Structure formats: structure tokens, C-alpha cells
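Coordinate analysis (summary)
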Amino acid sequence: VRKYLAIQAFALLAAALLLPACSGDDDDEEPATRSATVEIIDSKFKGVLASPPFPKPEVVLTDTEGEPFDVRADTEGRVLLLYLGYTHCPDICPTHMADIDAVMQDLPPDVTEKLQVVFVTTDPERDTPERVREWLDLFNEDFIGLIPTQDQLDQVLRNLSMQPITKTDLGGGAYAVNHAAYVLAYADDNSAHLVYPLGVTRDVWANDLTLLAREGFSQ
Amino acid sequence: MKRNWMKWIAAGVTVPALLLATAACGDDDDDDDADGGLSVSGVSGQTALGDVGSVYLTIENEGETDYLVSARVLGDLAEQVGDVQHHEVVTQGGSMEMREIEKMEIPGNGSLELKRGGYHIMLLDIDPPIEQGTQVELELTFENNDPIEIVAELGAPSEQDGVGMNGSMTPMHGSMTPMHGSMTPMHGSMTPGAGMATATPAR
């Protein structure tokens, strides 16, 4: 119930501040909830709040070893950092991976033990399992790499309410893959309430990951 | 620009920015280019698997507005690198998009910064792939000034500049207009673009 209220409060916060016409679930106690939103903004979390939260995709993909990976079941109870990207990405993707690895070096063991970093390629055409593994190993051998089929990728994007992948032709057969620019952080309630764009400082990451691992997402 | 250099050196980063060009280096021979106002600093680069790479740098301009119009690889690697392009990473709807830019403006008495999440020079189709740490010689050409040669070391992708520092956050380039309901930065710890508050629900 507590969780529900928190989510609803966020929805109302969003409704109050951002999208007055979009949220249909504002049942009761508007003034009280709204004043509570001030506290929520001044949150102990420092990432970017996603409202409504992203659900965890219900899909079984293939990992870099060729084994099935059930995104929900196999990350149950963990703090999941989910990132969609591609290995020919020159800029944002490797930086996100390097940033997360750097942050993890600083975190206490009880936090890192709860963390799971999962990379889903948005470029199954070029990203073979071997290539994804090789790429991830540059950052951290514990990062999990998943290679969806095109249909599975579309399903994941639908689950996340993200736009279908588009490509930018770079000539000579090369292309860039346009994809979400942020990392999704799932708490143990299977919801990503928080996302992290490029440029998040190490103290923001450390603060939020520690809280998510030890307390879950709540206010 | 001097301060930039100090920062890099202080950070213990070896900047392989060899300014080979005469006009921009300040060695006063008689190569009196228009106003000779361009200088390059903070050259760095990264490559993950060696087949694509990106180069970052800052171009200071003490003269009139100019444009970076092209970059090409010199030397032994010229054949190996399939193409060199400049891109801007645009974050829109929470989604990242890479766009090729024909020319990049270097404002007069200002600077152009190529950095992660913003502008970069991209090396594509490097075949065979290069090793991390390879030094690539590049010639940058401009609309009004003489070309400048630089050497960029394509190191391993690393933690973003500034991320390790507590306190202020390097704001993203561009703005983030989420597709998924709304996104609200917490705690004022982020400096989102103006688009942050505009919600475009995708459902």
C-alpha cells in the first residue's frame, strides 16, 4: 500500500507540475498529496524520476553464452541497471558502461552483490554474442549481455514504452542506432522509478545505488 | 586555454595534443593566416573494440567566427580508417540520436568543445581494427584558417570527465524530452535541458 501511495504521489506530482491533462488517476485528497510532493522532490534519491515508473520487461532473451535469460525472473530481488545500446556506438554507450564500472569500484560489497548490470543490444544485426561479450569485458566481466531477435527487441521497447529503434545511415554500409540515452535502475519491486542520463556524477550514482540496494525504492 | 591545459595536466592526463600546424602554434614565421586565431587543446579519444573511435578536443578561437569543415586521417592509418565524420549527439525524447554535421561553428572570440554526449569526430570502419592506445594523426580543416594537425590517442573508454568529482554535474548536451510519461530530476542535482519538464506520453 505504501508503495502504491508513493507511486500515486509521483503520478500526481507529475500531474501537478508537468502534465496537467494526462494523468487520469487522481482520486482523492489532492491538496494533501500535492503538499507531500514538495518533500518527494526533495528526495533522498538524486537520479531522474520516471513517472510512471518503467516496468521490468517480461521477456526471455539469449545471453552472450547462448543461454536463456529471463529478464524478470533472473533479476528478481536484485537492483537491475538496464541499458539498451550497441557496440558500434562511439560515444554514449561505452561512457555509460565505463561510468557504471567506475562507480561500482567505490561501493561496499553488500551493495555490489545486489547489483546486476544488464546490457541489451539494440543492434542484433551487427552485435553477435561474441562481440557483445568482448565489448562488455572491456568494462566489467560481470556485466550481462543480451542479444534479442528483432521481434524480441521490439517487444522490450514496447514494454518500456520506448519508440522503435531507428537508424542513421553513416554511409558505406555503416549506421548509427538511435536509442534511449539513459540507464534504467530497477528496484526490487520490478519497477524503474529512476533513470540516469549521461553525465550523472559518481556521488549521485553511489547515493542512489546504495539506497536502492539496502532499502529499495520508497520515500 | 592555458587554464584548460593546467587542468589536464593536473588531472594527470597525458594529452597527446601535438600542435604541428604552424599558424596555430604561435611560432611566428611569416605564415600570416587571416588572424591565426585558432588553437586546439584537450585532445583525447576513445575506442572500444578498435573498429570505431571518437575524438574530443577544444578549439579556441581568438579571431573571427570560423567553421571546422572536415577532418581526415594522415599517415599510415589513413588507409585503415574507412571514414571520418563529425557528429552531434542529440538527446530527444530521452532518446539519443547521432547526426552528421557538415560544419561546426567555432564562434569568434569563443570556443568549440567536442565532448562526450555532445560533438565528436568519429572514425568509422577501421579495418583491421586498431589497438587501444593507438595514436591517430588527424588534419582538421577550417573554412577560413589554415589546417591544424593533431594527434589523438584512442584510449580505452573511461569514466566521463567530471563524473568522479562530487558536486556539480556535467549537464547533458541538449535537452531531454521524455517519451515515457514524465521525468523529474530529483533534488535539483541535475541540470536538465528546458525540455525536461515537457511530457510527451507515449501511451
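Residues numbered from 1 in each chain as written. Chains lettered and ligands numbered in written order. Predicted model: local features only at pLDDT ≥ 70, side-chain atom pairs only at ≥ 80, totals over all residues. Heavy atoms only, no water.

1. What about the overall build of chain B?
When helices and strands are counted, chain B shows 2 helices and 11 strands. Ordering the α and β elements of chain B from the N terminus gives α-α-β-β-β-β-β-β-β-β-β-β-β. Burial statistics for chain B: of 203 residues in total, 52% are counted as buried. Taking all contacts inside chain B whose residues are at least 6 apart in sequence as the whole, residues at least 24 apart take part in 63%. Accessible surface for chain B amounts to roughly 9300 Å². Of this, 46% is attributable to carbon and sulfur atoms. (Helix = DSSP H or I, 4+ residues; strand = E, 2+ residues; numbered from the N terminus. Buried < 20%, exposed > 50% of the residue type's maximum accessible area, 1.4 Å probe, protein only. Contact = heavy atoms within 4.5 Å. Areas by Shrake-Rupley, 256 points an atom, 1.4 Å probe, with all protein chains shown as cover.)

2. What to know about the overall build of chain A
Broken down by element type, chain A carries 7 helices and 10 strands. Counting the 219 residues in chain A, one finds 61% classified as buried. Long-range pairs, those at least 24 residues apart, make up 71% of the contacts in chain A with a sequence separation of at least 6. Surface exposure of chain A reaches about 8600 Å², of which carbon and sulfur atoms provide 49%.

3. Some details on the pairing of strand β1 (residues 38–47) of chain B
Residue and element names in this part refer to chain B. Among the 10 residues in β1, 9 count as buried, and that is most of the element. The hairpin turn running from β1 into strand β2 (residues 53–61), its antiparallel successor, is 5 residues long, and G50 in that turn takes a positive phi close to 90 degrees. Alignment of β1 against strand β10 (residues 148–155), held across 2 bridges, turns out to be parallel. Each residue of the ladder has a partner; that of Q46, found in β10, is G155. (Pairing = 2+ DSSP bridges.)

4. Section: the pairing of strand β10 (residues 191–196) of chain A
Residues and elements named next belong to chain A. Among the 6 residues of β10, 6 are classified as buried, and the element is accordingly described as predominantly covered. As judged from the 4 bridges shared by strand β1 (residues 48–55) and β10, these two strands associate in the antiparallel manner. From the neighbouring strand, P55 faces β10, where its bridge partner is S191. When strand β9 (residues 183–186) meets β10, the two strands line up antiparallel, connected through 4 bridges. Of the residues in β10, the one forming a bridge with L184 is V195. Hairpin connection from β9 to β10: 4 residues lie between these consecutive antiparallel strands, with N190 at a positive phi of about 65 degrees.

5. A short note on the confidence of the model for chain B
Residues and elements named next belong to chain B. Per-residue confidence for chain B gives a mean pLDDT of 73, with 61% of residues at or over 70. In the model, residues 1–34 has pLDDT below 50 throughout and makes 50 contacts with residues more than four positions away in sequence or in other chains. Per the prediction output, this complex has pTM 0.75; the corresponding ipTM is 0.75. (pLDDT = per-residue confidence, 0-100.)

6. A few points about the environment of C89 of chain A
All names here are of chain A. Looking at where C89 falls in the secondary structure, it is placed in the loop between β4 (79–85) and α3 (92–106). Sequence-wise, C89 and R202 are 113 residues apart; in three dimensions their C-alpha atoms are separated by 22 Å. The residues touching C89, leaving out its near neighbours within four places in the chain, are P94 and H179.

7. Focus on the environment of S70 of chain B
Residue and element names in this part refer to chain B. Position of S70 relative to the elements: it lies in strand β3 (residues 66–73). Filtering out sequence-adjacent residues up to four positions away, S70 remains in contact with H86, E139, L140 and T141. At 2.4 Å, the side chain of S70 forms a polar contact with the side chain of T141. (Polar contact = N/O pair within 3.5 Å; in protein donor to acceptor, adjacent residues only side chain to side chain.)

8. Side note on the pattern of salt bridges
Here the structure, examined in full by the defined rule, presents 13 salt bridges over all chains. One salt bridge connects R131 of chain A with D127 of chain A, and the closest N-O pair in it is separated by 3.6 Å. A salt bridge links E97 of chain B to R99 of chain B, with the nearest nitrogen and oxygen atoms 3.5 Å apart. For E97 of chain B, a relative accessible area of 25% puts it in the partly exposed group. In this structure, a network of salt bridges that share partners links the residues D106 and R202 of chain A together with E159 of chain B. (Salt bridge = Lys/Arg side-chain N within 4 Å of Asp/Glu carboxyl O.)

9. Remarks on the nonpolar core
Core analysis: the largest hydrophobic core is formed by 79 residues, its most contacted members being F54 and L184 of chain A. The dominant element in this core, judged by the number of residues it contributes, is α3 of chain A, at 7 residues. For L184 of chain A, the residues in contact, after removing those within four places along its chain, are F54, L80, L81, L82, L160, M162, A192, L194 and V195 of chain A. Counting residues in each nonpolar core, the second largest holds 29 residues, with V43, V81, V136 and I150 of chain B among its members. (Core = buried A, V, L, I, M, F, W, Y, C linked by side-chain atoms within 4.5 Å.)

10. Some thoughts on the confidence of the model for chain A
In the predicted model, chain A carries a mean pLDDT of 82, and 80% of its residues have values of at least 70. A low-confidence stretch, residues 1–41 of chain A (pLDDT under 50), is modelled with 47 contacts involving residues beyond four sequence positions or located in other chains.

11. Things to note about α3 of chain A
In this model α3 of chain A runs 22 Å from its N-terminal to its C-terminal C-alpha over 15 residues, within 8% of the 21 Å that 1.5 Å per residue would give. Within α3 of chain A, 13 of the 15 residues are buried, which leaves the element mostly enclosed by the surrounding structure. (Expected span 1.5 Å × (residues − 1).)

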